[in-house]
Amino acid sequence: MHRVFINTDPPRYITISILGGGQLALMLARAASQLGISVRVLASSSVCPAKHAVAECCVGDWADPETLRAFAQDADVITLENEFVDANLLADLEQRGHTVLPSSKTMRLVQDKLVQKQTLSQAGIPVVEFQAIASTQELTDAARAVGYPFVLKRRTLGYDGTGNCTVNAEADLDAAVKKLGGLTSGLYVEKWCPFVMELAVMVTRSSTGETAIYPVVESRQENHVCSSVLAPAAISSELTKLAKQMALRAVNEVDGVGTFGVEFFLLKDGTLVVNEMAPRVHNSGHYTLEACDCSQFENHIRAILGLPLGNTEMRSPAAMVNLLANTTGSGAPCGIGEALAIPRARVHLYGKLRASPGRKMGHVTALGDSAEEALHTATSAAHGIHFKE
Ligand code: ATP
Ligand code: MG
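First, a word on what this report is: a plain description of the structure on this page. (Residues numbered from 1 in each chain as written. Chains lettered and ligands numbered in written order. Predicted model: local features only at pLDDT ≥ 70, side-chain atom pairs only at ≥ 80, totals over all residues. Heavy atoms only, no water.)

## Here we look at the packing of helix 1 (residues 23–34) against helix 10 (residues 296–304)
Turning to step 1, where the next piece is worked out: Put simply, helix 1 and helix 10 touch, their axes get as near as 8 Å, and they point 65° apart. When the axes of helix 1 and helix 10 are compared, the pair comes out roughly perpendicular. Here helix 1 runs over helix 10; the crossing is right-handed. When helix 1 is examined against helix 10, the residues Leu24, Met27, Leu28, Ala31, Ala32 and Gln34 are found in contact with a partner set consisting of Phe297, Glu298, His300 and Ile301.
Turning to step 2, where the next piece is worked out: Grouping the amino acids of the contact of helix 1 with helix 10 by side-chain chemistry returns seven nonpolar, two polar and one charged. (Axes fitted to C-alpha atoms, helices over the stretch in contact; angles between N-to-C directions. Helix = DSSP H or I, 4+ residues; strand = E, 2+ residues; numbered from the N terminus. Parallel < 35°, antiparallel > 145°, perpendicular 65-115°, else oblique. Left-handed = near helix turned anticlockwise from the far one by under 90°. Contact = heavy atoms within 4.5 Å. Nonpolar A, V, L, I, M, F, W, Y, C, P; charged D, E, K, R; others polar.)

As structure tokens, this is what we get:
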């Protein structure tokens, strides 16, 4: 299904092809559809969350060059909902004349978190102290240099803390390496950061160079997974300004086009360091759907098409609470009626047909007179929702 895209002269048909079919693709597709733009996704499963919101759901492996080439065929723009597609394969698509945004160049600098940290640090953007490692001896030396505890991280393919392991003592090194798939999977060492708060900023940068920066939010994690977001963060205006400047610098540094999430650690002395950057719409920006004039999803679509960016200002303080599964099961949601009965709580379910511990099944956003009040509302609504075994 193609629809006329109204903003071109003469009018023509626009299709955006998204690599990935999860909840981020779902919310991107809804934003595109509002603008009359057709979306196709390449997903690993036919029961992916984006399925019901897109014109076409192709099932295939984005690590396979032939599958990618076939999927790219009719796309005006190819974009991504994750950082897992190999930058070399994206470069191959570009060489064949396709527009990929964010570009392969950007993805090459961001998808390997060690390269990302080297890139940001070389640009003078403060990051947590890190060390590359290639052997057991280098790991032991690096661990001694940064001190215990420290965080051992996978360079690629990590999400929701799956690529991280906190190591408390030298005796735990072997187990940590094994848990993350072995040294050959590509690991690096990061000093433990004694932060007092975690912050995040969404930045949208258009292919025209126009930029839009969202408010600075506080993100709270449990077991390395985001549990809630408060918007705006309760920090000074100076710190807000600094976080926004650093986030924009980070996105400019990798020549990013689209919406990016930049995560920060705030230290006790007021210093900010970048934790990491995600080259895509981000969980800490879901609140923008309800709280901002133009959501992170719509601005991503606008950015990759070179359209004017929308206003990022907040209409109201807000909070978001993730709905994480506790157990393995069918994923059927329970307790929705009670949650929907809570005024000002907005329930989002991703329609996942399989639950596993810690899996993101949905989220609840609430608006309020303050972010804390909104968090109370969202938490009350989220509290009653669970996913069937
Ligand atoms: P996500 O996909 O949720 O963004 P991720 O898997 O990419 O997460 P990180 O952002 O690196 O992983 O880490 C997840 C969380 O683990 C952080 O938000 C923070 O709470 C904690 N963490 C990560 N690195 C460190 C560190 N060096 N010191 C202390 N805590 C850390
Ligand atoms: Mg993170």
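## Remarks on unusual backbone geometry
Turning to step 1, where the next piece is worked out: A cis amide bond links Leu101 to the next residue, Pro102, at an omega of 0°.
Turning to step 2, where the next piece is worked out: Locating Pro102 in the fold gives a position in the loop between helix 3 (87–95) and helix 4 (104–110).
Turning to step 3, where the next piece is worked out: The step from Tyr148 to Pro149 runs through a cis peptide bond, and the omega angle for that step is -10°.
Turning to step 4, where the next piece is worked out: Mapped onto the fold, Pro149 is located in the loop between helix 6 (136–146) and strand 8 (150–154).
Turning to step 5, where the next piece is worked out: Notably, Asp255 is not glycine yet its phi reads approximately 55°, a positive angle.

## Remarks on the side chain of Ser206
Turning to step 1, where the next piece is worked out: Tracing the sequence through the fold places Ser206 in the loop between strand 11 (197–205) and strand 12 (211–213).
Turning to step 2, where the next piece is worked out: A distance of 3.0 Å separates the side chain of Ser206 from the side chain of Thr208, its partner in a polar contact.
Turning to step 3, where the next piece is worked out: Beyond its immediate sequence surroundings of up to four residues, Ser206 is in contact with Val257, Ala303, Gly306, Leu307 and Leu309. (Polar contact = N/O pair within 3.5 Å; in protein donor to acceptor, adjacent residues only side chain to side chain.)

## Some thoughts on the state of the cysteines
Turning to step 1, where the next piece is worked out: One pass over the full model with this rule turns up zero disulfides.
Turning to step 2, where the next piece is worked out: Residue Cys48 stays outside any disulfide, its sulfur separated by 3.6 Å from that of Cys57, the closest cysteine. (Disulfide = S-S within 2.5 Å.)

## Some thoughts on the environment of Leu340
Turning to step 1, where the next piece is worked out: Along the chain, Leu340 turns up in helix 11 (residues 336–340).
Turning to step 2, where the next piece is worked out: With 41 residues separating them in the primary sequence, Leu340 and Ala381 have C-alpha atoms 7.4 Å apart.

## Concerning the nonpolar core
Turning to step 1, where the next piece is worked out: Leu199, Ile235, Phe264, Leu272, Val274 and Met277 are the most contacted members of the largest nonpolar core, which totals 29 residues.
Turning to step 2, where the next piece is worked out: For this core, the secondary-structure elements that each account for two or more residues are helix 5 (113–122), strand 11, helix 8 (237–253), strand 15 (258–266) and strand 16 (272–278).
Turning to step 3, where the next piece is worked out: In terms of residue count, helix 8 provides more of this core than any other element does, seven residues in total.
Turning to step 4, where the next piece is worked out: Listed in part, the 28 residues of the second largest apolar core include Ala29, Ala31, Ala50 and Leu305. (Core = buried A, V, L, I, M, F, W, Y, C linked by side-chain atoms within 4.5 Å. Buried < 20%, exposed > 50% of the residue type's maximum accessible area, 1.4 Å probe, protein only.)

## Some details on the site of ligand 1
Turning to step 1, where the next piece is worked out: Among the 19 residues in the neighbourhood of ligand 1, the closest are listed as Lys113, Lys153, Gly161, Glu198 and Glu276.
Turning to step 2, where the next piece is worked out: Lys153 places a polar side-chain atom, nitrogen or oxygen, 2.8 Å from an oxygen atom of ligand 1.
Turning to step 3, where the next piece is worked out: Measuring from an oxygen atom of ligand 1, one finds a backbone N or O atom of Gly161 at 2.7 Å.
Turning to step 4, where the next piece is worked out: Looking at the shell around ligand 1, its residues break down into six nonpolar, five polar and eight charged. (Near = heavy atom within 4 Å.)

## Looking at the coordination of the magnesium ion (ligand 2)
Turning to step 1, where the next piece is worked out: Every protein donor of the magnesium ion (ligand 2) is accounted for by Glu263 (OE), Glu263 (OE) and Glu276 (OE), and the metal-donor separations fall at 2.0 to 2.7 Å. Residue Glu263 is found in strand 15, and its partner Glu276 is found in strand 16; the two are separated by 13 residues along the sequence. Per residue, the accessibility class of Glu263 equals that of Glu276, and both read buried. (Donors = N, O, S within 2.8 Å, 3.2 Å for Na, K, Ca; no water.)

## So, the packing of aromatic side chains
To describe a pair of aromatic rings, you give the distance between the ring centres and the angle between the ring planes.
Turning to step 1, where the next piece is worked out: All told, the structure shown has three aromatic pairs when counted by the stated rule.
Turning to step 2, where the next piece is worked out: With a centroid separation of 5.5 Å and 65° between ring planes, the pair formed by Tyr148 and Phe150 is classed as edge-to-face.
Turning to step 3, where the next piece is worked out: When the centroid spacing of 4.9 Å and the interplanar angle of 5° are considered together, the rings of Phe195 and Phe265 count as stacked. Taken together, the residues span a long stretch of sequence, with Phe195 in the loop between strand 10 (187–191) and strand 11 and Phe265 in strand 15 at a distance of 70 residues. (Phe/Tyr/Trp six-rings, centres within 6.5 Å; stacked < 30°, edge-to-face > 60°.)

## Thoughts on the sheet that holds strand 8
Turning to step 1, where the next piece is worked out: Within the open sheet, the four strands sit side by side as 7-10-8-9. Their pairing is antiparallel. Each of the sheet's edge strands pairs with one partner strand only, and the pair in question is strand 7 (130–132) and strand 9 (164–167). Geometrically, the sheet is characterised by an average inter-axis angle of 25° between neighbouring strands, direction not taken into account.
Turning to step 2, where the next piece is worked out: Sheet topology note: the strand 7/strand 10 ladder contains three bridges and is antiparallel. By the bridge assignment, Phe130 is partnered in strand 10 with Glu190.
Turning to step 3, where the next piece is worked out: Running over the sheet, helix 5 touches strand 7, strand 8 and strand 10 and is turned about 125° from strand 7. (Pairing = 2+ DSSP bridges.)

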